[in-house]
Amino acid sequence: MNGRRGRIRGGLAWLVLAACAWSTGAVAAMKFDPAGLSPDERIATQRLLDDAQSHLPPRMAALAERDIAVRWSPLAADVHGHAGRSELLLNRDLLAPLIEGGDAARRAALATVLHELAHYHDRAEHLSRDPRFLDLAGWQVRATRFNTRMAGRMRENRFVDRSPDTYELTRPSEYFAVNVEHYLLDPQYACRRPALHRYLEEHLGATARSAPCADDVVYVDAGEGDGGALRSIDPARVYAIDYLLAEGNAQPMSRWGHSMLRLVVCAPGRTPGPDCRLDLSHHRVLSFRAFVDDVQISSWSGLSGRYPSRLFVLPMEQVIDEYTKVELRGLRSVPLRLSHEEIAAVLERTAQLHWSYDGRYYFLGNNCAAETWKLLHDSVPRLAGQGIGSITPTGLLRRLENAGVADGSVLGDGDEALRMGYRFESQGAYFDQLYATAKTSLFLPYRTVTQWMDLTPAQRRPWIERADLRTSAALLLLEQAAQRRALAQVRDALKRRYLASSRDEGDAPDVVRRLLKESAYLGQPSRLIDGGYGIPQADERAALQARSATLQSDLQTTRAELEQGAREWMGPQQRARLDGIVANSELLGTRLRALHAEQGGLRLP
Amino acid sequence: MKRSAVLLALALMAAAPAAFASSFAGTSAGSSAGGSSASSGASSDSSSGKDDKVVQAAREDAASFVASNGAIRGAQLEAALRHLREQLPQAREASDLELAQAILAQ
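Residues numbered from 1 in each chain as written. Chains lettered and ligands numbered in written order. Predicted model: local features only at pLDDT ≥ 70, side-chain atom pairs only at ≥ 80, totals over all residues.

J.: Before we move on, could you go through the overall build of chain B and cite the residues and values that matter?
T.: Looking only at helices and strands, chain B has six helices and two strands in total. Counted from the first residue to the last, chain B has its helices and strands arranged as α-β-β-α-α-α-α-α. Here chain B holds 106 residues, and 66% of them are scored as buried. For chain B, the proportion of contacts with a sequence separation of at least 24, taken over those separated by at least 6, is 43%. (Helix = DSSP H or I, 4+ residues; strand = E, 2+ residues; numbered from the N terminus. Buried ≥ 20, exposed ≤ 12 C-beta atoms within 10 Å, placed from the backbone. Contact = placed C-beta atoms within 7 Å.)

The structure is reproduced here in structure tokens:
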């Protein structure tokens, strides 16, 4: 099954000939030349061809109504069969094992015949050139405004992980033939490659052999708390999908913003509907990120880099924190007008990407906007004709709105958008306002919030001790901001240290390297399992459960070590600053509780 | 430095946001262990006590709401207000500001 099959020669002349020959509609079948074959070999061959015939779906059987001469032939060891112009050649080496009657040998020969018949079918019907087929298979469109559905496709298929047979990646016609084999022979094909199964069913006719599939989409969580854990999403619980845009900031890598998709997953027990929009702790975010692992990090040099592009599934609340509180960037969450079936299709494609895709990231060609666009494009055929690909995140949003796919009207009322989570404001937008509150209340002598945050924690402390409830709330937020800023400085220092001393064993970088290695699994979870192809099925999921639990605990250990290490690697001043901030935050927490109790405020149980 | 994951950011830094947990008055506001359909029963959605994730995640929004006297009203606070009113009878009587203060004073 691993050998290469079905080399095609012949080209256009053959295609024309085939199309004519097959249009006659005469009832016929595969014929083989018995000359030179022993009685046993004849029987085995006839049985093989009958077997193949019985596996053909209706439309393939109809097209095969023409004599196809079959002959055993000495072929190169890695070639099982060959769909030649005038005859279908089978590698003679397959014959002896076939007569011996082993299941594996029978299956290998059968797969070969079906593979070659698929080539004949494809030459007549040109399915492997159908844009929809290319979408599903992974020869993706380039996301630019100029492409048509045919031109401007990637030359390379990057759905390289969990392939049933990597020979399929060589060219679309081989992808078609390999997938027809599995479609016809593997009862699990419908569950492993559901979208392709539907495509082949539609174009070739049904096969009787399909196992029942799990309804949920299984993935490895890339979040902080649950990173590494195996999770799943039931498409029936997803009320909506939003285009989630992180607005740009002044950083070179962030100027254009970042494109993501937000899955509005309903809390358990809630009927899918608008109320699910506030079930934020259940929402998930699909984010394509350029993954930088330890090998490539040494050549990390800005915009022109070339890294793997992988799909991460993150908790929405973490994404809110990362952007609005750490990076001080706003988020816009614009609902996409998708039917329930289309939402399910996006999730199905997400699973395919998550388990198989190992893309290449180009900042100006295949970035997060292009990847997000392709995910939508490949999932929902009606979007494919609209030419709304774009290489910038804001450009893509604009095009989705112009095409009536994204509903930007939710952002019209600013306060309502914030309240309902269509917009998450950068916390930085509030710093001046928060500081003004504190300044008025405490008669603070510092002019700006920046001056306040530049003070040492000890200098801020006397003011904190006098703050009332409202002012304490404001100062607590500013203290948090100061902490995040200080942590960002620690991170930068550690990054520089890592880059400078990447060969230095037993130092900080070793933990960093370990974290990078372990984190790599989060975007390429196929590395956690062996065997099987496509979406993991029940037994693979059981194995994954164990591996992902190990990964989760490894990640937690590594992060704890890193945190511990970071305390030691940072300078005494940095350490004192962070400790001072934590002490201030704790004091504010204590004051808030005391002031609240004094007022006789409501206590939550 | 109470919370971990300071440096997952390194792994994701090329075009990605940093991953930080936040230390919010000694408790975690940044952690958001998600209760997806496959997660075990650890999700505390139906509770409304100190370990309640929805309430914890709303602490910074609650602080903004209190500090701005109700002017800044984010979605995480909105989610927590709805959640508390679904779970606690006494929360139904309380005003938004009273509830935000209660969340903040946890």
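So much for the structure itself; the text now carries on.
J.: Which residues make up the overall build of chain A, and what values do they have?
T.: Regarding its fold elements, chain A presents 22 helices and 13 strands. The buried share among the 605 residues of chain A stands at 48%. Put simply, 68% of the contacts in chain A that link residues at least 6 apart link residues at least 24 apart.

J.: A description of the pairing of strand S9 (residues 284-290) of chain A should follow, citing residues and the corresponding values.
T.: All names here are of chain A. Extensive coverage of S9 is indicated by the burial of seven of its seven residues. Judged from the four bridges that link them, strand S8 (residues 258-265) and S9 form a sheet pairing that is antiparallel. Bridge assignment links Arg262 to a residue of S9, and that residue is Val285. (Pairing = 2+ DSSP bridges.)

J.: Which residues make up the pairing of strand S4 (residues 87-91) of chain A, and what values do they have?
T.: All names here are of chain A. The buried fraction of S4 is high, at four of five residues. Note: strand S2 (residues 68-73) against S4, five bridges, orientation parallel. Bridged to Val70 within S4 is Leu88. One ladder, built from three bridges, connects strand S3 (residues 81-83) with S4; its direction is antiparallel. Bridge pairing in S4 places His82 opposite Leu89. Where S3 hands over to S4, the hairpin turn is made up of three residues, counted between the paired strands.

J.: An account of helix H16 (residues 431-442) of chain A is needed here, citing residue identities and associated values.
T.: Helical geometry: 3.6 residues make up each α-helical turn, so side chains three or four residues apart lie on a common side. All names here are of chain A. Its twelve residues give H16 an end-to-end C-alpha distance of 16 Å, which sits within 8% of 16 Å, the value for a rise of 1.5 Å per residue. Those residues of H16 not exposed but buried are Phe431, Leu434, Tyr435, Ala438 and Lys439. Viewed end-on, H16 has its buried residues packed into an arc of 135°, placing them on one side of the element. Immediately beyond the C-terminal end of H16, within one or two residues, lies Phe443, with a positive phi of roughly 50°. (Expected span 1.5 Å × (residues − 1). Arc of directions from axis to C-beta.)

J.: Which residues make up the environment of A:Ala229, and what values go with them?
T.: Residue and element names in this part refer to chain A. Looking at the secondary structure, you find Ala229 in the loop between strand S5 (217-220) and strand S6 (230-233). Considered as a pair, Ala229 and Gln545 are 316 residues apart in the sequence and their alpha carbons are 7.8 Å apart. Dropping the residues within four chain positions of it, Ala229 is found in contact with Asp221, Ser548 and Gln552.

J.: Give a detailed account of the domain arrangement of chain A, specifying residues and quantitative values.
T.: All names here are of chain A. When the domains of chain A are assigned, the result is domain 1 (11-204), domain 2 (217-425) and domain 3 (429-598). Taken residue by residue, the interface counts 17 residues in domain 1 and 21 residues in domain 2. Sorting the residues of the side of domain 1 that touches domain 2 by element identifies helix H6 (131-137) and helix H9 (194-204) as the ones contributing at least two each. Considering only residue class, the side of domain 1 that touches domain 2 consists of seven nonpolar, three polar and seven charged. (Domains from an automatic or database assignment. Nonpolar A, V, L, I, M, F, W, Y, C, P; charged D, E, K, R; others polar.)

J.: Quick one: what's the story with the environment of B:Gln106, residue by residue and with numbers?
T.: When you line up the elements, B:Gln106 lands in the segment after helix H6 (96-104). Each C-alpha atom of the pair B:Gln106 and B:Leu88 lies 15 Å from the other, and the pair is 18 residues apart in sequence.

J.: Any chance you could break down the packing of helix H12 (residues 368-379) of chain A against helix H14 (residues 393-402) of chain A for me, citing the residues and the numbers?
T.: Residue and element names in this part refer to chain A. Running from N to C, H12 and H14 point in directions that differ by 30°, and their axes come no closer than 8 Å. As far as their axial angle goes, H14 and H12 are roughly parallel. The handedness of the crossing between H12 and H14 is right-handed. Along the contact surface, H12 presents Cys368, Ala369, Thr372 and Trp373, while H14 presents Pro393, Gly395 and Leu396. In the contact of H12 with H14, the residues fall into five nonpolar, two polar and no charged. (Axes fitted to C-alpha atoms, helices over the stretch in contact; angles between N-to-C directions. Parallel < 35°, antiparallel > 145°, perpendicular 65-115°, else oblique. Left-handed = near helix turned anticlockwise from the far one by under 90°.)

J.: Explain the sheet that holds S2(A) to me, using residue names and the numbers behind them.
T.: One key point about sheets: their strands pair by backbone hydrogen bonds, in either a parallel or an antiparallel sense. All names here are of chain A. Spatial ordering of the open sheet is given by S1-S2-S4-S3, a layout of four strands whose pairing is mixed. In the strand order of this sheet, the two ends are held by strand S1 (30-32) and S3, each with one partner. Here the average twist between neighbouring strands, direction ignored, is 25°.

J.: Lay out the nonpolar core with the relevant residues and their values.
T.: Residues and elements named next belong to chain A. If you look at the biggest cluster of nonpolar residues, it comprises 134 residues, and the most contacted ones within it are Ile241 and Leu478. In terms of residue count, helix H19 (residues 469-500) provides more of this core than any other element does, 13 residues in total. In contact with Leu478, not counting residues within four places along its chain, are Phe431, Leu434, Tyr435, Val449, Trp452 and Met453. Counting 44 residues, the second largest nonpolar core, distinct from the first, contains Met60, Leu98, Ala111 and Leu204. (Core = buried A, V, L, I, M, F, W, Y, C linked by C-beta atoms within 7 Å.)

J.: Can you explain the confidence of the model for chain A? Please cite residues and give values.
T.: Averaged over all residues, the pLDDT of chain A equals 86, while 87% of them reach at least 70. Here residues 294-305 of chain A is modelled with pLDDT under 50, and outside its nearest four sequence neighbours on either side it reaches 14 contacts, counting other chains as well. (pLDDT = per-residue confidence, 0-100.)

J.: Please set out the environment of A:Ala473 residue by residue, giving values where relevant.
T.: By secondary structure assignment, the location of A:Ala473 is in helix H19. In sequence terms A:Ala473 and A:Leu592 are 119 residues apart; their C-alpha atoms lie 7.5 Å from each other. In this view, A:Ala473 contacts A:Leu592, B:Ala63, B:Val66, B:Ala67 and B:Leu104; residues no more than four positions away in its chain are not counted.

J.: Tell me about the confidence of the model for chain B, and please be specific about residues and values.
T.: All names here are of chain B. The pLDDT averaged across chain B works out to 65; a share of 52% of its residues lies at or above 70. Within chain B, no element has a lower average pLDDT than strand S1 (residues 23-24), which sits at 29, and none a higher one than helix H3 (residues 59-67), at 97. Taken together, the stretch residues 1-46 has pLDDT below 50 and engages in 150 contacts with residues farther than four places along the chain or on a different chain. Predicted as a complex, the structure gets a pTM of 0.87 and an ipTM equal to 0.85.

J.: Requested: an account of unusual backbone geometry, with residues and values cited.
T.: Residue and element names in this part refer to chain A. Of note, His126 is a non-glycine position whose phi angle comes to about 60°, a positive value. The residue His126 is located in the loop between helix H5 (103-125) and H6 in this model. Note on His126: 14 C-beta atoms within 10 Å, which makes it partly exposed. Even without a glycine there, the phi angle at Phe443 is positive, about 50°. Examined against the element boundaries, Phe443 turns out to sit in the loop between H16 and helix H17 (449-454).

J.: Residue-level account of the packing of helix H2 (residues 39-55) of chain A against H5(A), with values.
T.: Residue and element names in this part refer to chain A. Look at H2 against H5: their axes get within 9 Å of each other, and the N-to-C directions meet at 55°. With respect to each other, H2 and H5 are oriented oblique. The way H2 lies across H5 gives a crossing that is right-handed. Of the residues in H5, those touching H2 at Leu48, Leu49, Asp51, Ala52 and His55 are Ala109, Leu110, Val113, Leu114 and Leu117. By residue class, the composition of the contact of H2 with H5 is eight nonpolar, one polar and one charged.

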